[in-house]
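Geometric and topological summary
The lines below spell out each chain.
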Amino acid sequence: MAMTRREAFKNLAKGSLPILAAGCVSTALPEVAHAEEEKQAPKGALGLLYDATKCVGCKSCMVKCSEANDLKPDTRTDGIHQAPPALNYFTKNIIKLYRTADGSDHSYFKQQCMHCIDPGCMNACMFGGLRKDEETGVVWWLGSKCVGCRYCEIACPFHIPAFQWDGFNPKIVKCELCREPIAKGLRTQPGCTEVCPTQAVIYGKREDLLKEAKSRIAANPGRYYQQKVYGEHDGGGTQVLYLSRVGFDKIGLPELSEESIPSGLKYSHAVYKWLALPIALYAGMVAFAGKNFKAHSHHLVEDQKKTGLRPQL
Amino acid sequence: MTRWERSVPVYGVPVLTRGFWALLALIVVGLVLTAIREVVGIGGVMSGMSDPFAWGLWKTFNVMVLTGLGSGGFAVGIAAWVFNNKKLHPVMRVALLTSCLAYWTGLCMLGVDVGRPWNFYWVVMPWTWNLHSPLLEIAVCMSLYASVPLFLENLPPLFEYIIYEYPQWRGIAEFCEKAMAKVFPFIVALAYILPIMHQSSLGALMILGGNRVHTLWQTPFLPLIYVWAAAFLGYNCVVLCVLLAKLAWKRDVDPVVMLELNKLTVWIVYSWTGFRFLDILVRGKILHAFTDGYYSLLFWTETALILGSAYVLSTEKGKKLSTMFLAHALCALGGMIYRFSPTTLAFHAKDGATYFPSAVELIISLSFVSIAVLGYLVAVKKLAILPGTNAEWLKMAEYEEQVKPGIQLTGYAPVEH
């Protein structure tokens, strides 16, 4: 089919519009991505400070945690002792031991939710089954919004959320800093900090805990690994802070950049900004498909004239 | 030389074959096990999943890999309708049917995989959506795609079936067909934009996996590389379906269309591989392709399968149907491994943690694949899906008119659309 010059220009304009729009959006991408500001901890952010050098490994915090949260003690290992091998759906808090093969060096360490400032789990969750308290920054689970997809387990760099692998009504179990018992007035602080005999884990506002941790580092030069508070900036910052004598990687804390886990998605979010790019692409494809479909239908009808067979869309 | 002119059903062969019953048996076993899983939960003997490996076959294979294979609907469709590649129209119905089956079985599998499926109703309430979640994007886009544009695109063969087989409903079917033609460009464009969005989001999922995904796979461009892989997987799947139809039912093959499909596959693979290497080079991680033992081996296995097959397809040898079949099969295998890697093969969940599917998990997974295969086998025998010639249609008409007297398959007066 011959095309007049006028039509050719019109088609060219129609075709280049979406491409132009897409181009504008993609050149704006880096700025948009930067504009997504870094998340800050809420003013009243609560947290824990765990000092591995003070922990004696008595595990009272594990027992108290089960009691405070109405969890059945996980005695599956030997039928007697509460000795889970890792965090699981019976266990929101665990004490583990790091020891070199020859026994020359060791350290106890505690694991529970880190209450990230910008949590990966919350970012992953489809309908807000995992949410962050606006005042305290505590990350908690809301069953009525949870589909049980377990994406939170993929997105958590600390391996914290645990899925209940038994039963028809599974739950996601993780430390919520005894949020519910405290709200009900049953207790004033989490179970673990209440019972710790050596104050290895203490509870308070994140800013106070950070000050305390830094003063401990200043008072004991050379005692703490890298003279560093883990969680101040790691993974975008966490509300649970750690001090340790042995390397953080030895006590189950992964090496993370200062960027939070969700910030890895900033480019993807930029692509979806105002749905501009998808809508531009859609409009362009409708235009092209419409034009090509017209020509195709014409061809189908011509074909039928020759063969007498019903045209197929 | 055969030139494909229209889709023709596979005729003169029974639907209820031994293969049909075997697949049906597997499906029944799988569904019974699924029912048990709903009661006892996902752990224990039901699956090999654990807290470190929270995602198993049901998500990583049935959804993330198989919807890649089922991407022909959009990958071939864009070339045909948007880029006006007229040679590809004859294989569109195969592409759309495989897509539809892969997506619907994948979505059902997702319903079995999640622990609290009854909460999925939030998906129809946009104000509860967490717009930052890649999985939300997939949940919304994938179910929307499968239930609206992909579903509608698959209706024309059904309308035709009604028109031929049930003359009393012909009026309604013809009306629907006409209505469909009116909005067709809007439907197909939606059927391309939605998969581009959710197939890339399937890659975005693992960005949140952080450095547990090996650095050769983990990149901010994972979404782009993922959707690109879906594109060539879609082509592989369409070619394999057409060639299997030749093997099984001696359907003629149109060399012009096949070579066009080969050409496009080759270019998608070349650009995909080029971009992937560029990404790794720019991030400065190329040495990991040589130093990381198992991961390096996995990386080169993928690359060799995909790139090697594409190279064979680009040569003279690739024109031979047997070589073509093998090359597309190996290319698809490589692409499937690539789509499987970030979640499983190249995913270092935790020191000492491993994942291997349990027998029950595997059977359930396969039974959902069987639903798709069974659906395909029935559909191509009942509906005009597989490409053929006008001459073949006339032969089919002659046969059908003997079996079902009164059926009108030829001699239609032209209708303007």
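Just so we're clear, the structure is a prediction, and the values are computed from it rather than from any experiment.

It is worth spelling out the pairing of strand E3 (residues 106-111) of chain A at this point. All names here are of chain A. Where strand E2 (residues 94-99) meets E3, six bridges bridge the pair, whose relative direction is antiparallel. Bridging from a neighbouring strand, Leu97 pairs with Tyr108 of E3. Between E2 and E3, which pair antiparallel and follow one another directly, the connecting turn spans six residues, one of which, Gly103, has a positive phi of 75 degrees.

What follows covers the domain arrangement of chain A. Residues and elements named next belong to chain A. We note that the domain assignment places domain 1 (17-38 + 260-313) and domain 2 (46-259) within chain A. Taking only C-alpha atoms, the centre of domain 1 and the centre of domain 2 are 45 Å apart. Each side of the interface is counted separately: domain 1 has four residues, and domain 2 has nine residues. When the residues that make up the side of domain 1 that touches domain 2 are grouped by side-chain class, the tally is two nonpolar, two polar and no charged.

Now for the environment of B:Met64. Residues and elements named next belong to chain B. Relative to the helices and strands, Met64 is located in the loop between helix H2 (57-60) and helix H3 (66-69). Looking at Met64, the number of C-beta atoms within 10 Å reads 26, which means it is buried. Between the C-alpha atoms of Met64 and Ala230, which are 166 residues apart in sequence, the distance is 9.6 Å.

With that out of the way, let us pick up unusual backbone geometry. Residues and elements named next belong to chain A. Non-glycine residue Lys59 carries a positive phi angle of around 65 degrees. The backbone phi angle of Cys178 is positive, close to 50 degrees, even though this residue is not glycine. With respect to the secondary-structure elements, Cys178 resides in the loop between strand E7 (172-173) and helix H5 (179-183). The exposure class assigned to Cys178 is buried, which follows from the 25 C-beta atoms found within 10 Å.

With that settled, the discussion passes to the interface of chain A and chain B. Between chain A and chain B, the residue contacts involve 55 residues of the former and 62 residues of the latter. The biggest single contributor to the side of chain A that touches chain B is helix H9 (residues 276-307) of chain A, with 15 residues. Tallied by class, residues from the side of chain A that touches chain B come to 31 nonpolar, 18 polar and six charged.

Residue and element names in this part refer to chain A. Strands sit in the order E8-E1-E9 across an open sheet of three strands; the sheet is mixed. Only two strands of the sheet have a single partner each, and these edge strands are strand E8 (201-205) and strand E9 (241-243). Neighbouring strand axes in the sheet, compared pairwise and without regard to direction, differ in orientation by 20 degrees on average. Where strand E1 (residues 46-51) and E9 come together, three bridges link them in parallel fashion. Bridging across to E9, Leu49 finds its partner in Leu241. Most of the contacts of helix H7 (residues 206-219) go to E1, to which it runs at about 20 degrees, and overall it touches E1, E8 and E9.

Below, the discussion takes up the packing of helix H1 (residues 18-40) of chain B against helix H15 (residues 359-382) of chain B. Residues and elements named next belong to chain B. Where H1 contacts H15, the axes come no closer than 8 Å and their chain directions differ by 135 degrees. The angle between H1 and H15 falls in the class oblique. The crossing of H1 and H15 is left-handed. Packed against H1, whose contacting residues are Phe20, Leu23, Leu24, Leu26, Ile27, Val29, Gly30, Leu31, Leu33, Thr34 and Arg37, the element H15 presents Val360, Ile363, Ile364, Leu366, Ser367, Phe368, Ser370, Ile371, Val373, Leu374 and Leu377 at the interface. Tallied by class, residues from the contact of H1 with H15 come to 17 nonpolar, four polar and one charged.

All names here are of chain B. Where helix H5 (residues 92-113) meets helix H6 (residues 134-147), the closest approach of the two axes is 10 Å, and the angle between their N-to-C directions is 135 degrees. The orientation of H5 relative to H6 falls into the category oblique. You can see that H5 and H6 cross each other, and the crossing is left-handed. Where H5 abuts H6, its residues Tyr103, Trp104 and Leu107 lie against Met142, Ser143, Tyr145 and Ala146. Residues that form the contact of H5 with H6 fall into these classes: six nonpolar, one polar and no charged.

Bringing the nonpolar core into the picture now. Grouped together as the largest cluster of nonpolar side chains are 202 residues, with contacts concentrated most on B:Val76, B:Tyr192 and B:Val238. Among the elements that make up this core, the one with the highest residue count is helix H10 (residues 222-249) of chain B (17 residues). A domain-level breakdown of this core finds at least three residues from each of domain 1 (17-38 + 260-313) and domain 2 (46-259) of chain A. Beyond its immediate sequence surroundings of up to four residues, B:Val238 is in contact with B:Gly72, B:Val76, B:Val91, B:Val94, B:Ala95, B:Thr98 and B:Leu261.

Looking now at the confidence of the model for chain A. Detailed reading of the predicted coordinates is not advisable wherever pLDDT is low. Per-residue pLDDT for chain A has a mean of 90; in total, 88% of the residues score no lower than 70. Within chain A, the element-level pLDDT minimum falls on helix H1 (residues 5-35) of chain A, averaging 54, and the maximum on E9(A), averaging 98.

Conventions adopted
- Residues numbered from 1 in each chain as written.
- Chains lettered and ligands numbered in written order.
- Predicted model: local features only at pLDDT ≥ 70, side-chain atom pairs only at ≥ 80, totals over all residues.
- Pairing = 2+ DSSP bridges.
- Helix = DSSP H or I, 4+ residues; strand = E, 2+ residues; numbered from the N terminus.
- Domains from an automatic or database assignment.
- Contact = placed C-beta atoms within 7 Å.
- Nonpolar A, V, L, I, M, F, W, Y, C, P; charged D, E, K, R; others polar.
- Buried ≥ 20, exposed ≤ 12 C-beta atoms within 10 Å, placed from the backbone.
- Axes fitted to C-alpha atoms, helices over the stretch in contact; angles between N-to-C directions.
- Parallel < 35°, antiparallel > 145°, perpendicular 65-115°, else oblique.
- Left-handed = near helix turned anticlockwise from the far one by under 90°.
- Core = buried A, V, L, I, M, F, W, Y, C linked by C-beta atoms within 7 Å.
- pLDDT = per-residue confidence, 0-100.

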